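# Architecture and fold: a report
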Amino acid sequence: MGELFLILISAMLVNNFTLVLFLGLCPFMGVSGKVSTALRMGGANIFVLTITSMAASLLNAYVLPYAPYLRVISFIVVIASLVQIVETVIRKVSPTLFRELGIFLPLITTNCAILGLAIFQTNKGYDFMEGLFFALGGGLGLTLALVLMASIREQTEVTDIPAMARGMGLVLILAGSLSLAFMGFAGMFSS
Amino acid sequence: MTEQKLPMAESPQGGVGTAGPPVEVEASSFRLVGTLTVAGALAGLAIVLVFQWARPQIEAYQARVLAEAVTEVLGGAARYQTVFMDEDGVYKDQPVADTATIEERIYVGYDEAENPVGVAVVGAKAGFQDVIRLIFGYDPDAREVMGMKVLESRETPGLGDKIEKDSTFVNQFVRVATLIQAVKKGRERGLDEEVVMITGATISSKAVIEIINMRVEELEDPIGTYWNSMGASVAEQEETPPPTTVGGGAP
Amino acid sequence: MSPRVTTPQHDLLRGIWRENPVLVQLLGLCPALAVTNTVENSLAMGLATFFVLLGSSILVSAFKNLIPKQVRISAYILVIATFVTIADLVLNAVVPEIHKALGAFIALIVVNCMILGRQEAFASKNPVGRAILDAVGTGIGFIIALTMIGGFREVLGYGTFLGYPVMGASFEPWIIMILPAGGFFTMGFILLFFAWWEERKTERVQPRRWMHGVTSEVGGAD
């Protein structure tokens, strides 16, 4: 159990999906400067990440050993289908939640974090449970980065930044600073 | 304030004036599934063809990299043979099942005279940033490490990556006694089993040493058993001509 | 996209700079920041993406009338994924060192919004010839952007360009440029530079507005 927890914390902090591994940058840049939206986007991502991790584990165990070159295609097809299914299920089960998530759900398909998770998990050779904790940690880390960025951006709305500097340039510099800060987590688990 | 427009969010009607029928016809489900199936089949075919072409080159490269690493950490070997561990923890020449992971194998190196030179072992463990994977050569008779080579590492460039790039550090692993003692620079006492850690990269250095010690502790007995049994068969083979072997075992 | 009919030159040239996919449209950021720690890796990723973009655009445009509207996104993704797998295999066979350096990001070309975007916005609605021009222009723009970022990071972070030392022996490399933070900072500074440049261009013609609402007809450069 401790081993699994280690994987989770490592994926969340030490090798944060967004700030260290460069996954999930599209939502990261595009997320509005609002913490509430960031939380919802992050939550949706965590959900899709965990399901994808499970599907990827199954694919890796039972299907792909026979055709390793079909990995990319099978992963992306599964992800696209999963997102479609999740969207339909949410619409039926909870229309309010569906309305709140809005455009985010289809956006998740092209989120490199989802496919990236499937591939990293495969490369590291994680089994089902390890992959699941990896996905959870990664999703939490992604949400953490999103929320941090959104809260900083909410702050910058009311500060004295020259108009010219506002926009994506600022977001990226902030992201760089966050990435630097997260470097402090490295070495957390070494004896 | 999303500046980026997702291409999929655009209206499926497209632009007026570009190529496209003015009236949309609903395609039947049969056509939908049929199109995707055909496309999928063609895609699969293309990939399989490219894979057939690419596979020999990929495997050749991987075998070459492994052979080079084994030779390097054993201080020079004419050929190597892969030896697999079975369920009882005994090393055998044949794999038990096809899906043996690389950690359950060792590589026995032979010189030109077909004398066994040493055993190359792979090990991996978390370092500072991510997992470090290395291969090291082990001499079961002298109980010494013969050499070390880092295979995969994502340590901090300029600091942790010195475990690969700093030849002073790497050369300490040539003929060092097990179990290795890590010491800080300036505190060495000149013992056979000491390795001085890299200043500013002690965690990465320590991880390397710990990987080796961990694998040695784990495997010294099975390796010893196999080595001694091999010693007997080598003596036998001096009577009979050695069997012709293909250069390099299965990776 | 605008319903205006565009000229061939426009299709070719706009992706290179004016509507550069990375620097202007901010698409494909994941690979743009992740593998640009050296110029060699940047070029390799740029060329691989170029290959996938060109191939996909040709196929999508050639078969646009056979692909039903409802499944078009899935079809595009299938085509793109096929080319990505081929690119992955070819890279692994021909330049295995670079393949190892690029790692998982070759596969992530599939979800590069830039490629899917060009299929949806252009290749599916235009003849093959135009689609090729569009793909070539966008691809070149992508390579330029990546090489720019990679050049910055390698020169400052390693002191070399394509492996050749360019900064002199006494240069102490800025390791941060090779780290993830450096990728963010480089891109951020490039964007800030562009914003400043745009600002300078428009300032010459418009009266300057002071922050407290006081306007002053200060035209022209300082």
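Located above this text is the structure these notes cover.
A brief report on the enclosed structure follows. Computed from a prediction, not measured in an experiment: that's the story for all the values here. (Residues numbered from 1 in each chain as written. Chains lettered and ligands numbered in written order. Predicted model: local features only at pLDDT ≥ 70, side-chain atom pairs only at ≥ 80, totals over all residues. Heavy atoms only, no water.)

This part takes up the overall build of chain A. For chain A, the count of helices and strands is 9 helices and 0 strands. For chain A, the succession of helices and strands along the chain, N to C, is α-α-α-α-α-α-α-α-α. Relative to the 2.2 N^0.38 estimate, which gives 16 Å for 191 residues, the radius of gyration of chain A is 17 Å and therefore close to what a compact globule would have. Projected onto its principal axes, the C-alpha coordinates of chain A cover approximately 60 × 50 × 30 Å. Residues counted as buried form 55% of the 191 residues belonging to chain A. The long-range share in chain A, meaning contacts at least 24 apart out of those at least 6 apart in sequence, stands at 75%. Carbon and sulfur atoms make up 69% of the accessible area of chain A, which totals about 7900 Å². Charge centroids of chain A, computed over 9 positive and 8 negative side chains, lie 9 Å from each other. (Helix = DSSP H or I, 4+ residues; strand = E, 2+ residues; numbered from the N terminus. Rg over C-alpha atoms; globule rule 2.2 N^0.38 Å. Buried < 20%, exposed > 50% of the residue type's maximum accessible area, 1.4 Å probe, protein only. Contact = heavy atoms within 4.5 Å. Areas by Shrake-Rupley, 256 points an atom, 1.4 Å probe, with all protein chains shown as cover. Lys, Arg positive; Asp, Glu negative; His and termini not counted. Charge placed at Lys NZ, Arg CZ, Asp CG, Glu CD.)

This next bit is on the state of the cysteines. One pass over the full model with this rule turns up 1 disulfide over all chains. The disulfide bridge from A:Cys112 ends at C:Cys30, spanning 2.2 Å between sulfur atoms. Residue A:Cys112 is found in helix α7 (residues 112-124), and its partner C:Cys30 is found in helix α2 (residues 29-34); the two belong to separate chains. (Disulfide = S-S within 2.5 Å.)

Here we take up the side chain of A:Thr50. Relative to the assigned elements, A:Thr50 resides in helix α3 (residues 35-63). Ignoring any residue separated from it by four or fewer positions in sequence, one finds A:Thr50 in contact with A:Leu132, A:Ala135 and A:Leu136.

It is common to report an interface's size as the accessible area lost on association of the parts. Listed by partner, the interface residues are 36 residues for chain A and 35 residues for chain C. Both faces considered, chain A and chain C share a buried interface measuring about 3000 Å² in area, 88% of it formed by carbon and sulfur atoms. Sorting the residues of chain A by area buried against chain C places A:Phe22, A:Met164 and A:Leu172 first, and these three jointly supply 23% of that buried surface. Where chain A meets chain C, there are 0 salt bridges. Linking chain A to chain C there are 1 residue pair in polar contact (both at pLDDT 80 or more). In terms of residues, the side of chain A that touches chain C owes the most to one element, helix α9 (residues 168-182) of chain A, which gives 10 residues. Partitioning the side of chain A that touches chain C into residue classes produces 25 nonpolar, 10 polar and 1 charged. (Buried area = accessible area lost by both parts, 1.4 Å probe. Salt bridge = Lys/Arg side-chain N within 4 Å of Asp/Glu carboxyl O. Polar contact = N/O pair within 3.5 Å; in protein donor to acceptor, adjacent residues only side chain to side chain. Nonpolar A, V, L, I, M, F, W, Y, C, P; charged D, E, K, R; others polar.)

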